[in-house]
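Residue-level structural notes
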Amino acid sequence: MTTVIAPAELLDDESCAPEPIELTDAIGVDPDDEAADPGEAPAKILLEGIDPAELIFTRNVRKAELTPDFVGSIKEHGLLQPIIATPYEGGVAIILGNRRAKGSIEANRTVDVIVRNDLSAEEARIIAQLVENMHREDMRESEIADAYAQLSIELGLDADQIAARVAQDPKKVRASIALSAMPKTARSAVDEGALTLDDAELIAEFEGDPKAYKRLLDTIERGGKLSWAIKNERAKAVKAVQRRETTQALKAAGVRMVGEPYGFGWGGSKEVGLEDLADADGVVLTPENHKSCGGHAAFFNENVQGDIKARWLCRDPHQYGHTVLLRSYSFRSQAEEEAKAAAEQANRERKEALAIAQEVRHEYIQQLCRSKKVPKGMTRKVLAMLYSLGADQHDPEVLAFLQAPGDDDRTARFGRFIGRTAEARLPLVMLAIVAVRAEREVRNAVSGWGKAAVAVAWFEFLMAYGYELNEPEIDLLAVLRARIAEAAAKAAAEAAAEAAAEEDEDEELEGEEGGDGPELAAVAEEDEDEELEGEEGGDGPELAAVAEEDEDEELEDPLDRYLAVVTENESEDADSDGTDDQVEEADDWEARYPEINEPIAA
């Protein structure tokens, strides 16, 4: 049955449960309008009892999902709300009611159809579907976005036009259109409530920057904080504009732009900032006084906070004769690297040669410590070194120099050794103790921080008792002596500078006292001398001489005084028996100590 209705009133469909929708308001159709010409087809026609399978299903803005409850309701009660359709290619195409029509097919029930001749345009069809579906709870934001995008892309409507037709906020429509162009990840995030339409609109701000756009989408996919990511991208965009404008200005001025050199700022790059360079006159370089240099360039430091600015540098300070003020500057040219490698190799070879020389020297020290008698004058020198260097008698090298075998306690071995050693040869034991400390200073001197004077004195001591220096030791001795001379010259220069400063200070004081200051000072000094003589009495000079003699005795080295007393006692003992005068003169230790020739058991 076909009925012409004007207008058709939509019935409540309990199975679909939507509110009645005023389609005529949504698409701007006056319900009281009638066909202008009686020969024209009426605006609305009601078709009753139509097989829904005969209808043409159109693309719907909302996915038609059927549930068993929905199909069961239609099977029991029928479809209470008619399908809205329009003439299409010799048939009738559904505008509103795709889901209900499919449910009716499943339930094997007929439907009533209102054919709308006034909704035949594609625009009207989409808008009508939106008006019907967008307020449903199960209508996804991405589905609404697709419908808006269809109106925008296919029909050329802008966001304001679409908003007016569907009674929505233009801002929300723009955000929905932006969402429609986003990947599935972002669309799903909006549908699930993890991302808002406002967020989608903010992301759309970066569509012109594919890299930034992708970074923001990646942030959504991994569940990152989008608000921070957007602010970060905006800051990058600002810096990009600053970089572009600054680059254009610098290139227009003829400045070469380079990338940030690796290691720049901490001295690892060949390039150095102008603030850390000076010219031949010691003037710190600036962009103005350096612009004529062939190495003049600039770069952008991306690692600084705030506005991006150009950093000025010289690409090769050494080539252009600049002085590097940066203390941490460690860059070396290829020639410098080769020279450094050669110096390091030479130093390694030198240390290896000195290590071999040390083995030879230690063998000689062992022989010296095992001498049958103590060489003349050695005891005094050994005691002097022992006094200045100290002793380290527990060092295992002492036993190595004495060639005292065994693997038991070192202290026990040392006690056993000296217990079996002739008393006259005990100074050689002290030599082994001193040798340990002296050799340690030699090793330190080789490394560059030991006491050079001690090492030189030790070499001179060994040479005095027959040791012949090998070539590495000769070179080392020359270096150590040069080091000592340099230190002495530096100390003398400092002392001279101090003396000159004191002299200048004295002259300033004399100038303050007046022109006759020196004469008055001389008179005062003469008066002071007379007063002292008066206090001392007539025999003042004799007392002064005695005092001077006493002072000399006090200044005498305690070790020398002790040795003098020992020597005097030995002389008295020799005179008492009348047999040692000749021995003393010959300094024959074997005659004085016969036991020196006895076999020594370690």
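Keep in mind it's a predicted model, so treat the numbers as computed, not measured. (Residues numbered from 1 in each chain as written. Predicted model: local features only at pLDDT ≥ 70, side-chain atom pairs only at ≥ 80, totals over all residues. Heavy atoms only, no water.)

1. Thoughts on the overall build of the protein chain
Scanning the protein chain from N- to C-terminus turns up 24 helices and 11 strands. Across the 602 residues that make up the protein chain, the buried fraction comes to 34%. Contacts in the protein chain between residues far apart in sequence, at least 24 positions, make up 70% of those at least 6 positions apart. As presented, the protein chain carries roughly 35900 Å² of accessible surface, and 50% of it is formed by carbon and sulfur atoms. (Helix = DSSP H or I, 4+ residues; strand = E, 2+ residues; numbered from the N terminus. Buried < 20%, exposed > 50% of the residue type's maximum accessible area, 1.4 Å probe, protein only. Contact = heavy atoms within 4.5 Å. Areas by Shrake-Rupley, 256 points an atom, 1.4 Å probe, with all protein chains shown as cover.)

2. Details of the environment of methionine 463
Note that methionine 463 resides in helix 18 (residues 452–464). Setting aside residues up to four positions removed in sequence, methionine 463 forms contacts with Leu469, Leu477 and Arg481.

3. Section: the packing of helix 13 (residues 334–369) against helix 17 (residues 426–447)
In the contact formed by helix 13 and helix 17, the axes pass within 11 Å of each other and the chain directions differ by 170°. It follows from the interaxial angle that helix 13 and helix 17 lie roughly antiparallel. Contact with helix 13, carried on its side by Arg350, Lys351, Leu354, Gln358, Arg361, His362, Ile365, Leu368 and Cys369, involves Leu428, Leu431, Ala432, Ala435, Glu439, Val442, Arg443 and Val446 of helix 17 and no other residues of that element. Residue classes in the contact of helix 13 with helix 17 are distributed as 10 nonpolar, two polar and five charged. (Axes fitted to C-alpha atoms, helices over the stretch in contact; angles between N-to-C directions. Parallel < 35°, antiparallel > 145°, perpendicular 65-115°, else oblique. Nonpolar A, V, L, I, M, F, W, Y, C, P; charged D, E, K, R; others polar.)

4. Quick word on the nonpolar core
Membership of the largest hydrophobic core comes to 43 residues, with the highest contact counts inside it found for Met378, Leu402, Leu431, Trp458 and Phe461. Listed by contribution, the elements that provide at least two residues to this core are helix 13, helix 14 (378–389), helix 15 (396–402), helix 16 (410–419), helix 17, helix 18 and helix 19 (471–513). When residues in this core are grouped by element, the largest group, 12 residues, is from helix 17. (Core = buried A, V, L, I, M, F, W, Y, C linked by side-chain atoms within 4.5 Å.)

5. Things to note about the packing of helix 2 (residues 68–77) against helix 3 (residues 98–107)
Contact pair helix 2 / helix 3: the axes reach a minimum separation of 8 Å and the direction vectors enclose 70°. Compared by their axis directions, helix 2 and helix 3 come out roughly perpendicular. The element helix 2 and its partner helix 3 pack so that their crossing is right-handed. Contacts from Phe70, Val71, Ile74 and Lys75 of helix 2 reach helix 3 at Arg99, Arg100, Gly103, Ser104, Glu106 and Ala107. (Left-handed = near helix turned anticlockwise from the far one by under 90°.)

6. Overview of the packing of aromatic side chains
If you walk through the whole model with that rule in mind, you get four aromatic pairs. With centroids separated by 5.4 Å and ring planes inclined at 10°, the aromatic side chains of tryptophan 458 and phenylalanine 461 adopt a geometry described as stacked. Residue tryptophan 458 and its partner phenylalanine 461 are located together in helix 18, separated by three residues, close to a single helical turn. By relative accessible area, tryptophan 458 is classed as buried at 1%. Residue phenylalanine 461 is classed as buried on the basis of its relative accessible area of 5%. A ring pair is formed by phenylalanine 461 and tyrosine 465, whose centres lie 5.1 Å apart and whose planes are at 55°; its orientation type is tilted. Across the pair, tyrosine 465 and phenylalanine 461 agree in class, each one buried. Positioned above the aromatic ring of phenylalanine 70, the side-chain terminus of arginine 99 is 4.0 Å from the ring centre. (Phe/Tyr/Trp six-rings, centres within 6.5 Å; stacked < 30°, edge-to-face > 60°. Lys NZ or Arg CZ within 6 Å of the ring centre and 35° of its normal.)

7. Observations regarding unusual backbone geometry
A positive phi is found at asparagine 108, a non-glycine position, where the angle reads about 60°. Tracing the sequence through the fold places asparagine 108 in the loop between helix 3 and strand 5 (111–116). Given a relative accessible area of 70%, asparagine 108 falls into the exposed group. With a phi close to 55°, glutamine 403 is a non-glycine residue in the positive phi region. With respect to the helices and strands, the residue glutamine 403 is situated in the loop between helix 15 and helix 16.

8. Details of the pairing of strand 9 (residues 296–300)
Within strand 9, five of the five residues are buried, which leaves it mostly tucked inside the rest of the structure. Both faces of strand 9 are covered, namely the face carrying His296, Ala298 and Phe300 and the face carrying Ala297 and Phe299. By the bridge criterion, five bridges tie strand 9 to strand 10 (residues 310–314) in an arrangement that is antiparallel. The residue bridging alanine 298 from the neighbouring strand is tryptophan 312, located in strand 10. (Pairing = 2+ DSSP bridges.)

9. Remarks on the pattern of salt bridges
Tallied over the full model, the rule gives eight salt bridges. One salt bridge in this structure joins lysine 340 and glutamate 344, with 3.9 Å as the shortest N-O distance. Within this pair, lysine 340 and its partner glutamate 344 are both found in helix 13, separated by four residues, close to a single helical turn. We classify glutamate 344 as partly exposed; its relative accessible area is 37%. The salt bridge partner of glutamate 473 is arginine 361, with a shortest N-O separation of 2.4 Å. Of this pair, glutamate 473 sits in helix 19 while arginine 361 sits in helix 13; the two residues are 112 residues apart in sequence, bridging distant segments of the chain. Residue class for glutamate 473 comes out buried when judged on its relative accessible area of 0%. Residues joined in a network through salt bridges with shared partners are Arg361, Glu439 and Glu473. (Salt bridge = Lys/Arg side-chain N within 4 Å of Asp/Glu carboxyl O.)

10. Observations concerning helix 9 (residues 197–204)
Residues of helix 9 that are buried include every one of Leu197, Ala200, Ile203 and Ala204, and no others. For helix 9, the angular spread of the buried residues around the axis is 115°, confining them to a single face. (Arc of directions from axis to C-beta.)

11. Some thoughts on the environment of leucine 383
Among the structural elements, leucine 383 can be located in helix 14. In the structure, leucine 383 is positioned 44 residues away from proline 427 in sequence and 8.5 Å away in space, judged by C-alpha atoms.

12. Brief notes about the sheet that holds strand 6 (residues 256–257)
Sheet architecture is open: four strands sit in the order 6-9-10-7, paired in mixed fashion. The sheet is open, and its two borders are formed by strand 6 and strand 7 (272–273), each paired with just one other strand. Looking at chain direction, strand 7 and strand 10 are connected through two bridges and run antiparallel. Within the sheet, the bridge partner assigned to glycine 273 lies in strand 10 and is leucine 313. Seen against the sheet, helix 11 (residues 226–252) touches strand 6, strand 9 and strand 10 and runs at an angle of roughly 175° to strand 9.

13. Concerning the state of the cysteines
Formally, a disulfide is one covalent bond, and it connects the sulfur atom of one cysteine to the sulfur atom of another. This model, assessed by the stated rule, comprises zero disulfides. There is no disulfide at cysteine 293, and the cysteine sulfur nearest it, in cysteine 314, is 4.0 Å away. (Disulfide = S-S within 2.5 Å.)

14. With respect to a negative patch on the surface
Residues Glu494, Glu498, Glu502, Glu503, Asp504, Glu505, Asp506, Glu507, Glu508 and Glu510 make up a contiguous surface patch of negative charge. Residue placement: glutamate 494 occurs in helix 19. (Patch = residues over 30% accessible without salt bridge, like charges linked within 9 Å, V, L, I, M, F, W, Y side chains within 5 Å. Lys, Arg positive; Asp, Glu negative; His and termini not counted. Charge placed at Lys NZ, Arg CZ, Asp CG, Glu CD.)

15. Observations concerning the confidence of the model for the protein chain
Scored by pLDDT, the protein chain has a mean of 75; 70% of the residues are at 70 or more. Predicted confidence is poor over residues 534–538, with pLDDT under 50, and the contacts of this stretch with residues over four places away or in other chains come to one contact. Here residues 595–602 is a poorly scored stretch, pLDDT under 50, and it has 16 contacts once near neighbours within four places are set aside; other chains count. (pLDDT = per-residue confidence, 0-100.)

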